[in-house]
Amino acid sequence: MTSIALFNNKGGVGKTTLTYHLAHMFRRLGLRVLAVDLDPQANLTSMCLDETEIEELWEDRDSELIAQGAVPPALPGFSRVRPGQTIADAVKPILEGTGDIAPVEPAALMEELWLLPGSLDLSRFEDKLSMEWSRTFAGDIAAIRTTTAFHRSVAQAREHVQADIVLLDVGPNLGAINRAALIAADTVLMPLAADLFSLKGLTNLGPTLRTWRHDWRQLVLPRIPEGFEAPQADMSPLGYVIMQPEMRLDRPVKAYERWLERIPWVFSVAVLDQQPTSKDDARHRIATLRNYRSLMPLAHDARKPMFDLKPADGALGSTQQYVQTCFREFRHLAEAVLSRLEQHD
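Residues numbered from 1 in each chain as written. Predicted model: local features only at pLDDT ≥ 70, side-chain atom pairs only at ≥ 80, totals over all residues. Heavy atoms only, no water.

**Q** So what about the sheet that holds strand 3 (residues 107-110)? Which residues, and what values?
**A** Taken in spatial order, the 8 strands of this open sheet run 3-4-2-5-1-6-7-8, and their pairing is mixed. On the outer flanks of this sheet lie strand 3 and strand 8 (285-289), each paired with one strand and no other. Direction aside, neighbouring strands of the sheet carry axes that sit 25 degrees apart on average. Bridging between strand 1 (residues 2-6) and strand 5 (residues 165-169) involves 5 bridges; their strand directions are parallel. Each residue of the ladder has a partner; that of Ser-3, found in strand 5, is Val-166. (Pairing = 2+ DSSP bridges. Helix = DSSP H or I, 4+ residues; strand = E, 2+ residues; numbered from the N terminus. Axes fitted to C-alpha atoms, helices over the stretch in contact; angles between N-to-C directions.)

**Q** How would you sum up the pairing of strand 4 (residues 113-116)? Please name residues and give values.
**A** Side chains Leu-113 and Leu-115 of strand 4 all project onto a buried face; the interleaved residues Trp-114 and Leu-116 project onto the opposite face, where all are buried too. Relative to strand 4, strand 2 (residues 33-37) runs parallel, the two sharing 4 bridges. In the sheet register, Val-36 faces strand 4, and the bridge partner there is Leu-116. Counted between consecutive antiparallel strands, the loop separating strand 3 from strand 4 contains 2 residues, among which Glu-112 sits at a positive phi close to 75 degrees. (Buried < 20%, exposed > 50% of the residue type's maximum accessible area, 1.4 Å probe, protein only.)

**Q** Explain the side chain of Asp-215 to me, and be specific about the residues and the numbers.
**A** Note on placement: Asp-215 falls in helix 10 (residues 196-220). Buried charge without a partner: Asp-215 forms no salt bridge, and the closest opposite charge is Arg-179, 7.2 Å away. When residues no more than four places from it in sequence are discounted, the contact partners of Asp-215 are Trp-133, Phe-137 and Val-220. (Lys, Arg positive; Asp, Glu negative; His and termini not counted. Salt bridge = Lys/Arg side-chain N within 4 Å of Asp/Glu carboxyl O. Contact = heavy atoms within 4.5 Å.)

**Q** So, the packing of helix 5 (residues 87-96) against helix 8 (residues 149-161): which residues are in play, and what are the values?
**A** Their axes nearest at 10 Å, the elements helix 5 and helix 8 cross at an angle of 130 degrees. By the angle class used here, helix 5 and helix 8 are oblique. The handedness of the crossing between helix 5 and helix 8 comes out as right-handed. Between helix 5 and helix 8, the residues in contact are Ile-87, Ala-90, Val-91 and Ile-94 and Ala-149, Phe-150, Arg-152 and Ser-153, respectively. Taken together, the residues that form the contact of helix 5 with helix 8 break down as 6 nonpolar, 1 polar and 1 charged. (Parallel < 35°, antiparallel > 145°, perpendicular 65-115°, else oblique. Left-handed = near helix turned anticlockwise from the far one by under 90°. Nonpolar A, V, L, I, M, F, W, Y, C, P; charged D, E, K, R; others polar.)

**Q** Before we move on, could you go through the nonpolar core and cite the residues and values that matter?
**A** Phe-150 and Met-190 are the most contacted members of the largest nonpolar core, which has 60 residues in total. Not counting residues up to four positions away in its chain, the partners in contact with Met-190 are Phe-7, Leu-202, Leu-205, Leu-209, Pro-237, Gly-239, Tyr-240, Val-241, Phe-267 and Val-271. Counting residues in hydrophobic clusters, the runner-up holds 45 residues, among them Leu-31, Val-81, Met-306 and Cys-326. (Core = buried A, V, L, I, M, F, W, Y, C linked by side-chain atoms within 4.5 Å.)

**Q** How would you sum up the pattern of salt bridges? Please name residues and give values.
**A** For the structure on display, the rule yields 13 salt bridges. Ionic pairing is found between Asp-100 and Arg-145, a salt bridge with its closest N-O pair at 3.9 Å. Here Arg-145 lies in helix 7 (residues 141-147) and Asp-100 lies in the loop between helix 5 and strand 3, a separation of 45 residues in the sequence. According to the relative accessible area criterion, Asp-100 is partly exposed, its value standing at 29%. Asp-313 is paired through a salt bridge with Lys-304; the nearest N and O atoms lie 2.9 Å apart.

**Q** Quick rundown of the pairing of strand 7 (residues 236-243)? Include the residues and the values.
**A** A regular strand places its side chains so that they alternate between the two faces of the sheet. Burial analysis of strand 7 places 6 of its 8 residues in the buried class, the great majority of the element. Where strand 6 (residues 187-192) and strand 7 come together, 6 bridges link them in parallel fashion. Bridging from a neighbouring strand, Pro-191 pairs with Val-241 of strand 7. Between strand 6 and its parallel partner strand 7, the chain crosses via helix 10, and the hand of that crossover is right-handed. Of the strand pairs in this sheet, strand 7 and strand 8 are connected by 4 bridges, and their pairing is parallel. Bridge pairing links Val-241 to Ala-287 in strand 8. (Right-handed = clockwise from strand over helix to strand, strands pointing away.)

Shown next as structure tokens:
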């Protein structure tokens, strides 16, 4: 099993959309996929589930009734959603000081594809994670349990569904929640826009990942009790994906190309901590995805990936050709990511 965190310190680059579509494409390629929503905004959850399902998922019910099976399963053909089955519910005992992580059951979106849903309540875990970080350096077992809560919850969910690959959707910041999420990731895939903000995000992201990796491996791992499941904090950069913007008259193509040319150098220096072999060294760019904004409303209404839209969903005429282009691009991306994962292993 390999976990991939999709992360950029800059928001609004299509990270969650990329996670959602990669999860569906990996499934199309024959993998068992677990998507995990570790963003307190729960945007991935809102893409995967309808509002009624999310309302039921976040409903506060007696945990004993859930344990006794008093909450009926969803009807066939619908996501299997039960109250109290989010990542926030998994870490709730740690947050409240009543115990260790609680097991949660991922929602079955379709055959071979599951979601470990997010919740707005996850934001409450930020302060707890922040306070416990420095205590892990002293080998405090309670602090270690807190900091590894995401890793262990995801591992339990992965084992439950026997996933081949796990995709972690995280928020656009360098806070304590993302630190705990990223140290649980084997690899990191970075969606970028060709603009100043994405480049600035890379200059912040690279050194921070290296610091987290160093601190965890040098100061924490040697103090982990024998038999305790803890992440290795690999966070190995897989590369980046360029998300093309919707061109506007006030944003000339030359401006886009200027930032695009700078990405390889900034990625090599800031993220990989190495000098690029040349100014135009783009070997770490996995793919460039065009803007599919015209397909997004149709995909949202149909509750399916853009590349699965049919004429019955409103994808008619030339739009259907656009859907086919979308399918080819995401398939190419998914295959390229899998190829890099093989090299990583």
